[in-house]
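# Inside the fold
As a plain string of letters, each chain reads:
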Amino acid sequence: MTQEFEFGEEIVALRAMVREFCAEQAPESTVRTAMESELGHDPALWRRFGSELGVFGLAVPESDGGDGAGLVPHAVVVEEFGAALVCGPTLGALCLALPALIALPDAQARQDYLPGLIAGELIATLAAPTVHGVFDPEAATVSATTGPGGWTLSGGLAHVPDGASADILLVPARTQEGLALFAVERGAAGLAHTDLFTMDRTRRQATFELADTPARLVADEVAAPAVCARAVRVATALLAVSQVGGAQRMLDVTVQHVRTRIQFGQAVGAFQAVKHRCANMLMEVEQARSAAYHAVWALDSDSEIDDPDLAVALAKAVASDAFTSITRAAIQLHGGIGFTWEGSPQLYFKRATADLVTLGTGTEQVENVARLVLDRRVAAANVPEPTLT
């Protein structure tokens, strides 16, 4: 980072409020019930997050009915949701659709969709085409045509986060002029979806088929690529923050376990090898936290020094590795119970495994970092030296 920053009292209070609400209203027993339900989450509880806590509008500008607090407070909420494994459309609605809607140049579309999303009454998701974790217009699989009745979409969408529960599906589709962004309502003619059975049942996915499906144009071919690219960058940074939350929770749970688990007449945590393992877990989660919040800060600031693309790629790579490593260690340090369905480590391990391949794997993001650094060096090398007068 280019400057020091720390969380202020308001952010600390926000974190405490969300953590307490999750502990009371979304404990592990509730998570297990919701993840086995048909929808995969409790809509009433999701609405309470929006209406009672009012945390869905933190990153939304005041002019659009939000709090205008910025992306960092929004990231704190996502981190706590990740720590509690909250079942709900966090990835689809809060990480993907919300930043896309905020960036729309169409004020009427923002007015139509953002209030419902902020209140938790409307669920939206973005089916952004990505390659190696980066938005790629060439990967779009849906085409758009216009006629007397308006726009219609045809094509297929794979692995759409929270697609089955979405009221609004934001679809980048190819027109004759380029890539535009459309909104498709649940139940629209010609729209069919299939729920996917995924490893992580706390976060659902679906595939879609569109056949001459009516759609609303919300961003034209000029604005849509920038809107989608921004949404994917923000979602990747927020996913890294969510991974930090899960990693921290597994570290806390594991430390508590080894403190109270007695073996050979003493606590397991008294053994040096276990102490060293926990210390390594702490180092991993702190590195991931620094990288993740740096990415969020870079996206939310006007710094000309920090490259948001570079910061986001680095954050996702570091957080993915840390979350996977920490959940594996948690299973091992829990001993036999760590492998059982009754134990909590297996839930977080499945989330870590799913996150690892979402919005770019760790390896792909490392390659993105290398490419961005190389591009910077090439650009710097081609800058002519100033002429002295």
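Within any chain, residue numbers begin from 1 and follow the written order of that chain's sequence. Only residues with pLDDT of 70 or above have their local features reported here, since the model is predicted, and side-chain atom pairs are shown and tallied only from 80 upward, although totals for entire chains, interfaces and linings are computed over all residues. Note that the side-chain values use all heavy atoms of the structure and ignore hydrogens as well as water.

### A word on the overall build of the chain
Numbering of helices and strands starts at the N terminus; helices are DSSP runs of H or I of at least 4 residues and strands are runs of E of at least 2. Looking only at helices and strands, one finds 11 helices and 11 strands in the chain. Radius of gyration: over C-alpha atoms. The globule rule applied is 2.2 Å multiplied by the number of residues raised to the 0.38 power. The C-alpha atoms of the chain give 22 Å as radius of gyration, which agrees with the globular expectation for 389 residues (21 Å, within 12%). Across its three principal axes, the chain shows a C-alpha extent of roughly 80 × 70 × 35 Å. Between buried and exposed lies partly exposed: a residue is buried under 20% and exposed over 50% of the maximum accessible area for its type, with that area taken using a 1.4 Å probe on protein chains only. Burial statistics for the chain: of 389 residues in total, 52% are counted as buried. Long-range pairs, those at least 24 residues apart, make up 73% of the contacts in the chain with a sequence separation of at least 6. Contacts are assigned to residue pairs with any non-hydrogen atoms lying within 4.5 Å of each other.

### Describing unusual backbone geometry
Located in the positive-phi region is His159, a residue other than glycine, with phi close to 55°. Relative to the assigned elements, His159 resides in strand β5 (residues 150–161). Unlike most non-glycine residues, Asp162 shows phi in positive territory, near 55°. Examined against the element boundaries, Asp162 turns out to sit in the loop between β5 and β6 (168–174). For Asp162, a relative accessible area of 5% translates into the label buried.

### A short note on the environment of Leu356
For Leu356, the location among the structural elements is in helix α10 (residues 345–356). Along the backbone, Leu356 and Ala188 are 168 residues apart, and their C-alpha atoms lie at a distance of 33 Å.

### Examining the nonpolar core
Core analysis: the biggest nonpolar cluster contains 87 residues, and Leu104, Tyr113, Leu126, Leu170 and Leu181 have the highest contact counts within it. In contact with Tyr113, other than residues within four places in its own chain, are Leu101, Leu122, Ile168, Ala183, Arg216 and Val218. Here, nonpolar core means buried Ala, Val, Leu, Ile, Met, Phe, Trp, Tyr and Cys residues that are tied together by side-chain atoms lying within 4.5 Å of each other. In terms of nonpolar packing, the next biggest core, distinct from the first, is built from 19 residues, Leu53, Val55, Phe56 and Phe81 among them.

### A short note on the environment of Gly88
Mapped onto the elements, Gly88 comes out in the loop between α4 (71–84) and α5 (90–102). Along the sequence, Gly88 and Ala224 sit 136 residues apart, while their C-alpha atoms lie 27 Å from each other. When sequence neighbours within four positions are dropped, the list of residues in contact with Gly88 reads His41, Trp46, Asp162 and Thr202.

### So, the domain arrangement of the chain
Taken domain by domain, the chain comprises domain 1 (9–123), domain 2 (130–224) and domain 3 (226–377). Residue ranges for the domains originate in an automatic or database domain assignment. Each of domain 2 and domain 3 was reduced to a C-alpha centroid, and the two centroids are 30 Å apart. Put simply, buried area is the surface a 1.4 Å probe can reach on two separate parts but cannot reach once they are joined, added for both. Where domain 2 abuts domain 3, roughly 1300 Å² becomes buried across the two surfaces, and 58% of that area is made up of carbon and sulfur atoms. Together, His132, Met199 and Arg203 form the three largest contributors to the area buried by domain 2 at its contact with domain 3, with a combined 37%.

### Here we look at the pairing of strand β7 (residues 179–185)
When you tally the buried positions in β7, you get six out of seven residues, the bulk of the element. The pairing criterion is simple: DSSP has to find at least two bridges between the two strands. Of the pairings in the sheet, the one linking β6 to β7 comprises seven bridges and is antiparallel in character. Each bridged residue has a counterpart across the sheet, and for Ile168 the counterpart in β7 is Glu185. In sequence, β6 turns back onto β7 through a hairpin of four residues, with Gly178 there showing a positive phi of about 145°. Direction of pairing for β7 relative to strand β9 (residues 205–219): antiparallel, over a ladder of three bridges. Residue pairing across strands places Leu181 opposite Ala219, the latter belonging to β9.

### Digging into the packing of helix α9 (residues 308–333) against helix α11 (residues 362–381)
Describing two packed helices takes the angle between their axes plus the distance from one axis to the other. Their axes nearest at 8 Å, the elements α9 and α11 cross at an angle of 155°. With respect to each other, α9 and α11 are oriented roughly antiparallel. Crossing of α9 against α11: the hand is left-handed. Contacts from Asp309, Leu310, Ala313, Leu314, Lys316 and Ala317 of α9 reach α11 at Gly362, Gln365, Val366, Asn368, Val369, Leu372, Val373 and Arg376. Considered class by class, the residues forming the contact of α9 with α11 number eight nonpolar, three polar and three charged. To get an axis, fit a line to the C-alpha atoms, keeping to the stretch in contact for a helix; angles then go from 0 to 180 degrees between the N-to-C directions. Roughly parallel means an angle under 35 degrees; roughly antiparallel, over 145; roughly perpendicular, 65 to 115; everything else is oblique. Crossings are classed by handedness, with left-handed meaning an anticlockwise turn of the near helix from the far one by less than a right angle and right-handed meaning a clockwise turn. Here the term charged refers only to Asp, Glu, Lys and Arg, the term nonpolar to Ala, Val, Leu, Ile, Met, Phe, Trp, Tyr, Cys and Pro, and the term polar to all other amino acids, Gly among them.

### Quick notes on the packing of aromatic side chains
Aromatic ring pairs are described here by two measures, namely the spacing of the ring centres and the angle between the planes. Classification of ring pairs rests on two measures: the distance between centres of Phe, Tyr or Trp rings, Trp counted by its six-membered ring, which must be within 6.5 Å, and the angle between planes, read as stacked under 30 degrees, edge-to-face over 60 and tilted in between. All chains considered together, the criterion is met by seven aromatic pairs. Taken together, the aromatic side chains of Phe21, Trp46, Phe49, Phe56 and Phe81 make up a single cluster linked through ring pairs. Lysine NZ or arginine CZ positioned within 6 Å of the ring centre and within 35 degrees of the ring normal marks a charge as sitting over the ring. A cation sits over an aromatic face here: Arg15 above Phe7, 5.5 Å from the ring centre. Directly above the aromatic system of Trp341 lies the positively charged group of Arg32, at a separation of 5.5 Å from the ring centroid.

### Brief notes about helix α7 (residues 224–260)
An expected span of 1.5 Å times one less than the residue number is assigned to each helix. Between its first and last C-alpha atoms α7 spans 54 Å; for 37 residues at 1.5 Å apiece the expected length is 54 Å, and the two agree. Within α7, 26 of the 37 residues are buried, which leaves it mostly tucked inside the rest of the structure.

### Observations regarding the side chain of Gln365
Along the chain, Gln365 turns up in helix α11. On the accessibility criterion, Gln365 (2% relative accessible area) is buried. Excluding residues within four positions of it along the chain, Gln365 makes contact with His132, Gly133, Thr236, Ala313, Lys316, Ala317, Leu359 and Gly360.

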